[in-house]
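Summary of the model geometry
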Amino acid sequence: MEIIARTASFVKETLAGAESGHDWWHILRVWNNTKLILETESADRLVCELAALLHDIADSKFHGGDESIGPRIAGEFLTKEGVDTAVVEHVQQIILNMSFKASLGEVTFDSPELHIVRDADRLDAIGAIGIARAFNYGGYKNREIYNPEIPAQQNLSKEAYKNTTAPTINHFYEKLLLLKNKMHTEAARGIAAERHQYMEGFLQQFYAEWDGKA
């Protein structure tokens, strides 16, 4: 489909030089995850693929917390490309509501397409790649790897989550280890179970090395 190819080119060009946990390669992995889930889920494929490609076109964490800029840029691009208004609006709603922090506030939109793309994105936040992304972002923000004097916080509000400066290890307990049970699709749940187990093994090894026991 030509619009998919043009959107991929637009995203790849726009995200050149982006933080490597939210760059084109992240988009490509989420896009591939989306297509994998679509093999067993019924949904509007065009909406899913466009949302997967555009979901991080302007991540709010890199734009002063502005959650409107991503949907706006995506909408402007798709409208210019002549995409149907209903599709554009659906993609914008997915982008606005799919992040983990969005789930900590009031979610006013839901659709099978949102479930698929959100699952695809969450899969890229766990497992080996999820671990790599977490520490890459922690380094980008100059955060500590771990500080046993700073405990992980449970049940963070949306604002508290957005403003946290906690060590990267805390992020496992505040988000990553929670994602397995937040998957909607059967395909994502199966993949998430294996990736979750990998993260648990990593943490066991990490603490053993930290304490000089391994």
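See the structure printed just above.
Residues numbered from 1 in each chain as written. Predicted model: local features only at pLDDT ≥ 70, side-chain atom pairs only at ≥ 80, totals over all residues. Heavy atoms only, no water.

1. Some thoughts on the side chain of Asp121
To be explicit about the condition: Secondary structure is summarised from DSSP: a helix means a run of H or I of at least four residues, a strand means a run of E of at least two, and numbering begins at the N terminus for each. Remark: exposure states derive from per-residue accessible area (1.4 Å probe, protein chains only) relative to the maximum for the residue type, with buried under 20%, exposed over 50%, and partly exposed in between. Within this scheme the basic residues Lys and Arg register as positive and the acidic residues Asp and Glu register as negative, but His and the chain ends are omitted. Salt bridges are defined by distance alone: a side-chain nitrogen of Lys or Arg within 4 Å of a carboxyl oxygen of Asp or Glu. Here a polar contact is taken to be a pair of N or O atoms separated by no more than 3.5 Å, where protein atoms must pair a possible hydrogen donor with a possible acceptor and residues adjacent in sequence count only if both atoms sit in side chains. Note on contacts: a residue pair is in contact if any heavy atoms of the two residues lie within 4.5 Å.
With respect to the element layout, Asp121 can be found in helix 7 (residues 112-123). Buried charged residue Asp121 carries no salt bridge. Nearest counter-charge: Arg133, at 5.1 Å. Only 3.2 Å separates the side chain of Asp121 from the side chain of His26, close enough to count as a polar contact. Those residues in contact with Asp121 that sit more than four places away from it in its chain are His26, Val30, His55 and Met98.

2. Here's the deal with helix 7
Here is the rule: A helix is expected to span 1.5 Å for every residue after the first.
With twelve residues, helix 7 extends 17 Å between its outermost C-alpha atoms, agreeing within 8% with the 16 Å of an ideal straight helix rising 1.5 Å per residue. For helix 7, the tally of buried residues reaches eleven of twelve residues, placing the bulk of the element in the interior. The complete set of buried residues in helix 7 reads Glu113, Leu114, His115, Ile116, Val117, Arg118, Asp119, Ala120, Asp121, Arg122 and Leu123.

3. Some words on the environment of Gly75
In this structure, Gly75 sits in helix 4 (residues 69-80). Taking the C-alpha atoms as reference points, Gly75 and Asp121, 46 residues apart in sequence, are found 20 Å from one another. Ignoring any residue separated from it by four or fewer positions in sequence, one finds Gly75 in contact with Val88 and Gln92.

4. Quick word on the environment of Thr14
Summarising the element assignment, Thr14 is placed in helix 1 (residues 2-14). You can call Thr14 partly exposed: its relative accessible area is 39%.

5. Regarding the packing of aromatic side chains
Stated formally: Only rings of Phe, Tyr and Trp enter the pairing, Trp through its six-membered ring, and a pair is recorded when the two centres are within 6.5 Å. The plane angle decides the type: under 30 degrees is stacked, over 60 is edge-to-face, the rest tilted.
Tallying each qualifying case throughout the model produces twelve aromatic pairs. Both rings, one in Phe10 and one in Phe77, keep their centres 4.2 Å apart while their planes meet at 5°; by these two values the pair is stacked. Here Phe77 lies in helix 4 and Phe10 lies in helix 1, a separation of 67 residues in the sequence. Residue class for Phe77 comes out buried when judged on its relative accessible area of 5%. When the ring of Phe206 is compared with that of Trp210, the centres are 5.8 Å apart and the planes differ by 25°; the resulting orientation is stacked. In this pair, Phe206 and Trp210 both sit in helix 11 (residues 186-210), four residues apart, roughly one turn of the helix. Looking at Phe206, the relative accessible area reads 15%, which means it is buried. By way of ring pairs, the aromatic residues Phe135, Tyr146, Phe172, Phe202, Phe206, Tyr207 and Trp210 are connected into one cluster.

6. Section: the packing of helix 1 against helix 2 (residues 24-38)
For any two helices packed against each other, the geometry is given by the interaxial angle and the distance between the axes. The criterion, for reference: Axes here refer to lines fitted to C-alpha atoms; in helices the fit is confined to the stretch in contact. Angles between the N-to-C directions go from 0 to 180 degrees. By the definition adopted for this analysis, an angle is roughly parallel if under 35 degrees, roughly antiparallel if over 145, roughly perpendicular if from 65 to 115, and oblique otherwise. We call a crossing left-handed when the near helix sits turned anticlockwise from the far one by less than a right angle, and right-handed when that turn is clockwise. Each residue is assigned to one class: nonpolar for Ala, Val, Leu, Ile, Met, Phe, Trp, Tyr, Cys and Pro, charged for Asp, Glu, Lys and Arg, and polar for all the others, Gly among them.
The interhelical angle for the contact between helix 1 and helix 2, taken along N-to-C directions, is 150°, at an axis separation of 9 Å. Considering the angle they form, helix 1 stands roughly antiparallel to helix 2. For helix 1 against helix 2, the interelement crossing comes out right-handed. In this structure, helix 1 contributes Ile4, Ala8, Val11 and Lys12 to the contact, and helix 2 contributes Trp24, Ile27 and Trp31. Grouping the constituent residues of the contact of helix 1 with helix 2 by class yields six nonpolar, no polar and one charged.

7. A few points about helix 5 (residues 85-97)
One turn of the α-helix equals 3.6 residues, which is why residues spaced by three or four share an orientation. In this model helix 5 runs 18 Å from its N-terminal to its C-terminal C-alpha over 13 residues, within 8% of the 18 Å that 1.5 Å per residue would give. The complete set of buried residues in helix 5 reads Val87, Val88, His90, Val91, Ile94, Ile95 and Asn97. Elements in contact with the buried residues of helix 5: helix 3 (45-54), helix 4, helix 6 (100-103) and helix 7. Looking at where helix 5 begins, the residue whose side-chain oxygen comes 3.0 Å from the main-chain nitrogen of Ala86 is Asp84.

8. Some points on the pattern of salt bridges
Taken as a whole and assessed by the stated rule, the structure comprises six salt bridges. Two residues, Glu81 and Arg6, come together in a salt bridge whose shortest N-O distance is 2.5 Å. Linking Glu81 in the loop between helix 4 and helix 5 with Arg6 in helix 1, this pair joins segments that are 75 residues apart in sequence. Residue class for Glu81 comes out partly exposed when judged on its relative accessible area of 25%. Residue Glu76 is joined to Arg72 by a salt bridge in which the shortest nitrogen-to-oxygen separation is 3.3 Å.

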